[in-house]
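Here are the chains, one letter per residue:
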Number of protein chains: 2
Amino acid sequence: MSQVSVRDDEVDIVIAAIEPDLTSFLEEWRAIFSRFHLIIIKDPDVKGELKIPGGFNYDTYTKADIQQIIGPSNAATFSGYSCRYFGYLLSKKKYIISIDDDCIPAKDTKGIQVDAIAQHINNLLTPATPFFFNTLYDPFCKGADFVRGYPFSLRSGVSCALSCGLWLNLADLDAPTQALKPELRNTRYVDAVLTVPARAMMPLSGINIAFDRELVGPALLPSFKLAKEGKFRWETVEDVWTGMCVKVVCDHLGYGLKTGLPYVWRKERGDAIESLKKEWEGVKLMEEVVPFFQSMKLTPAAKTAEDCVIEIAAAVKEQLGRIDPVFTRAADSMVEWVQLWKTVKTRT
Amino acid sequence: MSQVSVRDDEVDIVIAAIEPDLTSFLEEWRAIFSRFHLIIIKDPDVKGELKIPGGFNYDTYTKADIQQIIGPSNAATFSGYSCRYFGYLLSKKKYIISIDDDCIPAKDTKGIQVDAIAQHINNLLTPATPFFFNTLYDPFCKGADFVRGYPFSLRSGVSCALSCGLWLNLADLDAPTQALKPELRNTRYVDAVLTVPARAMMPLSGINIAFDRELVGPALLPSFKLAKEGKFRWETVEDVWTGMCVKVVCDHLGYGLKTGLPYVWRKERGDAIESLKKEWEGVKLMEEVVPFFQSMKLTPAAKTAEDCVIEIAAAVKEQLGRIDPVFTRAADSMVEWVQLWKTVKTRT
């Protein structure tokens with residue numbers, strides 16, 4: 001409804017470098033990223049020097065930096081896609097945006113390049129409406145409003161804590177689905193943002209997200225690592241787990257989570273058939289994970305995102321730990337993460 | 001995912017004639033409607049002969065028919081927009097579609113005329129997914145699928161009981177909002193269908209809907225009439241109330257409700273400033289209505305849509321009746337409606 005903006009220095013863009021050469025990725029994003037500070041974390045398993053073109057304002061962190069700050073034992077937590085969480089830990093900004101390094105700017109239906117950063121910021125700065133679904137989508141989008149019947153008392157909305165952007169071209173499928181439908185591409189540009197209703201869970205993807213670090217930063221955590229997890233999104237569910245943690249935290253603390261615009265364009269990477277040979281551990285575990293988060297209730301004692309994560313971790317250990325040791329490890333990681341978050345925050 | 005279809009004779013299109021001359025309305029829809037049977041109900045308050053162009057397969061009902069079937073005392077229930085409910089009562093078809101007579105076919109972003117009937121049927125025939133939100137919208141749309149992390153056990157979905165279509169041009173605002181923003185028009189064509197998550201409520205609009213009469217027909221009921229309700233959508237909330245009844249029934253019986261495509265184009269009608277002079281009774285009542293439906297829990301004894309409506313009516317009377325007599329009347333109407341539904345069903 002109204003124009004909203006933030007200062008450029010209130011934003012960190014966090015990039016997980018899964019490949020050391022970020023030249024083509026950053027050139028594609030130059031017009032959009034160059035105003036902002038970048039935090040680039042090199043996947044600790046990756047060899048070779050980071051290549052970053054000139055003209056960007058950035059800090060880079062490698063395995064040595066991770067080990068220095070958090071000690072060698074925890075470094076494994078930050079491998080692969082999860083290395084970005086180290087950036088979340090170090091950021092001091094109110095807003096964090098993270099986009100996978102195999103994505104380039106998308107074009108809208110008119111062929112105009114999408115400014116994913118501006119759209120994410122807009123999503124975060126305008127209220128979310130989790131308590132009643134607006135059939136014309138986000139009422140705070142330009143030209144939109146609340147539909148007849150929407151209670152006036154709910155029209156001011158609540159703070160939006162997270163914005164989940166989407167992807168054109170390579171859709172975010174699991175390995176079996178991608179292998180079964182190798183030709184399937186997402187070509188549908190849906191010109192909408194919506195608040196995911198309170199108490200509804202969804203599979204958050206970490207490919208293209210933005211969040212308010214002050215509200216929910218501690219809930220954006222690396223904790224659900226599969227034993228044989230690879231370097232392709234379809235081999236992981238770490239971000240899906242994280243998303244459900246954040247959603248539970250938002251529902252409990254009264255924040256909203258939006259999904260929809262902005263899109264990014266995902267380039268092809270990996271071989272789904274090859275991934276299929278690995279175990280589909282993540283796919284199986286979701287059968288336990290989703291009902292768990294759907295029924296998760298936090299106590300009134302949980303007043304911050306840190307408190308919430310600690311309560312969720314305890315429930316994970318108690319209710320899911322007996323099913324598979326991966327859950328016990330996840331619960332332990334969640335507790336460690338909150339300690340790490342507090343330590344880093346106190347130190348600086 | 002797969003092609004779905006119904007026989008033409010499984011569908012009734014119910015039209016509420018708020019104006020007696022339906023010529024231009026039906027000419028606009030000729031290519032889309034003419035295969036199907038129409039049930040046309042003339043608003044009992046409207047004077048003048050119904051005008052219906054040739055080439056359509058239809059039955060019409062007027063005030064005399066209503067009085068003959070349900071008796072004179074109840075005829076008032078079917079005035080204005082609510083006269084369509086009389087058509088719902090008489091239909092014997094599995095699927096009912098209803099579109100306001102001030103709407104014409106919309107065009108999609110490519111300028112192609114939307115077949116609202118085909119799209120509604122597709123929404124109803126493909127499963128709904130109310131238990132986990134799919135970030136790429138309806139996974140049963142062409143070219144779509146379930147996003148990574150979506151539990152396989154939930155991918156078969158549930159029956160879709162209702163499809164709520166949207167509107168371009170004149171948006172469906174309440175009178176105060178329309179009066180405050182007289183220039184506001186909905187121009188955003190959002191190319192998506194989604195299942196409203198379980199337990200989330202939304203303002204269903206009756207402008208452009210389709211439903212499975214066998215699953216939820218008895219819950220599509222006329223019961224929430226405002227004393228000074230007029231003939232413009234923005235002066236009513238009857239359909240919004242009905243929508244929340246249906247949603248509670250769907251959540252309880254395990255059906256889904258979809259919203260999004262198809263769009264219709266709403267022509268201008270009425271004067272919002274003039275409507276503002278009436279009481280904003282509906283707007284005020286929503287403050288009580290929404291929390292009521294959000295917290296509504298039915299008992300396991302409610303096994304059919306009829307049972308559910310009776311339970312909701314009892315709760316309305318008990319919890320809302322003391323706030324305003326309009327709620328007591330609504331509760332009584334709901335019970336009468338179910339009796340009427342059963343009587344008509346037995347009789348034929």
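Residues numbered from 1 in each chain as written. Chains lettered and ligands numbered in written order. Predicted model: local features only at pLDDT ≥ 70, side-chain atom pairs only at ≥ 80, totals over all residues. Heavy atoms only, no water.

Chemist: Can you break down the overall build of chain A residue by residue, with the values?
Modeler: A tally of helices and strands in chain A yields eleven helices and nine strands. Counting only C-alpha atoms, chain A reaches 55 × 50 × 50 Å along its principal axes. Evaluated residue by residue, chain A yields a buried proportion of 63% over its 348 residues. For chain A, contacts bridging at least 24 residues in sequence account for 77% of all contacts bridging at least 6. Taken as a whole, chain A presents about 13000 Å² of accessible surface, with 53% of it coming from carbon and sulfur. Taken as two groups, the 41 positive and 45 negative side-chain charges of chain A have centres that lie 3 Å from each other. (Helix = DSSP H or I, 4+ residues; strand = E, 2+ residues; numbered from the N terminus. Buried < 20%, exposed > 50% of the residue type's maximum accessible area, 1.4 Å probe, protein only. Contact = heavy atoms within 4.5 Å. Areas by Shrake-Rupley, 256 points an atom, 1.4 Å probe, with all protein chains shown as cover. Lys, Arg positive; Asp, Glu negative; His and termini not counted. Charge placed at Lys NZ, Arg CZ, Asp CG, Glu CD.)

Chemist: I'd like a description of empty space enclosed by the protein, backed by residues and values.
Modeler: Residue and element names in this part refer to chain A. Evaluation of the coordinates by the stated rule reveals eleven cavities of 30 Å³ or more. Taken as a whole, the second largest cavity encloses approximately 80 Å³ of empty space. Lining the second largest cavity are Asn-74, Thr-77, Phe-78, Pro-222, Ser-333, Glu-336, Trp-337 and Leu-340. Of the residues contributing to the lining of the second largest cavity, the split by class is four nonpolar, three polar and one charged. (1 Å grid on protein atoms, 1.4 Å probe; cavity = no way out; pocket = protein on both sides within 12 Å on 5 of 7 lines; lining within 4 Å. Points joined across faces, edges and corners; volume = space filled by probe spheres on them. Nonpolar A, V, L, I, M, F, W, Y, C, P; charged D, E, K, R; others polar.)

Chemist: So what about the interface of chain A and chain B? Which residues, and what values?
Modeler: The partner chain B presents 60 residues to the 61 residues of chain A that form the contact. Across the contact surface, chain A and chain B share ten salt bridges. A salt bridge links B:Arg148 to A:Asp172, with the nearest nitrogen and oxygen atoms 2.8 Å apart. Taken together, the connections running from chain A to chain B amount to 24 residue pairs in polar contact (both at pLDDT 80 or more). Among the elements of the structure, β6 (160-169), α7 (238-253), β9 (256-266) and α9 (281-295) of chain A are those that each provide at least two residues to the side of chain A that touches chain B. Here the residues of the side of chain A that touches chain B sort into 36 nonpolar, eleven polar and 14 charged. (Salt bridge = Lys/Arg side-chain N within 4 Å of Asp/Glu carboxyl O. Polar contact = N/O pair within 3.5 Å; in protein donor to acceptor, adjacent residues only side chain to side chain.)

Chemist: Could you give an account of the relation of the copies chain A and chain B, with specific residues and numbers?
Modeler: The operation relating the pair of chain copies consists of a rotation about an axis and a translation along that axis. Of the transformation superimposing chain A on chain B, the axial component is 0.0 Å and the angular component is 180°, with the fit at an RMSD of 0.0 Å. Expressed as an axis order, the relation between the two copies is that of a two-fold axis. In terms of proximity to the rotation axis, the leading residue of chain A is A:Val190, whose C-alpha is 2.8 Å off the axis. (Least-squares fit on C-alpha atoms with pLDDT ≥ 70 in both.)

Chemist: How would you sum up the pairing of strand β1 (residues 11-17) of chain B? Please name residues and give values.
Modeler: Residues and elements named next belong to chain B. Burial within β1 is extensive, with seven of its seven residues counted as buried. Going residue by residue along β1, you find Val-11, Ile-13, Ile-15 and Ala-17 tucked away on one face and Asp-12, Val-14 and Ala-16 tucked away on the opposite face as well. As judged from the four bridges shared by β1 and strand β4 (residues 95-99), these two strands associate in the parallel manner. By the bridge assignment, Val-14 is partnered in β4 with Ser-98. Pairing between β1 and strand β2 (residues 37-42): six bridges, direction parallel. Bridge pairing in β2 links Ile-15 to Ile-40. Crossover handedness for the path β1 to helix α1 (residues 23-33) to β2: right-handed. (Pairing = 2+ DSSP bridges. Right-handed = clockwise from strand over helix to strand, strands pointing away.)

Chemist: Tell me about unusual backbone geometry, residues and numbers included.
Modeler: Residue and element names in this part refer to chain A. The omega angle of the peptide bond from Leu-261 to Pro-262 is 0°, so this bond is cis rather than trans. Take Pro-262: it is sitting in strand β9. Positive phi, close to 75°, is recorded for Arg-199, a residue that is not glycine. Relative to the helices and strands, Arg-199 is located in the loop between β7 (193-195) and β8 (208-212). Among the residues examined, Arg-199 registers a relative accessible area of 37% and is labelled partly exposed.

Purely geometric stuff here, so don't read any function into it on its own.
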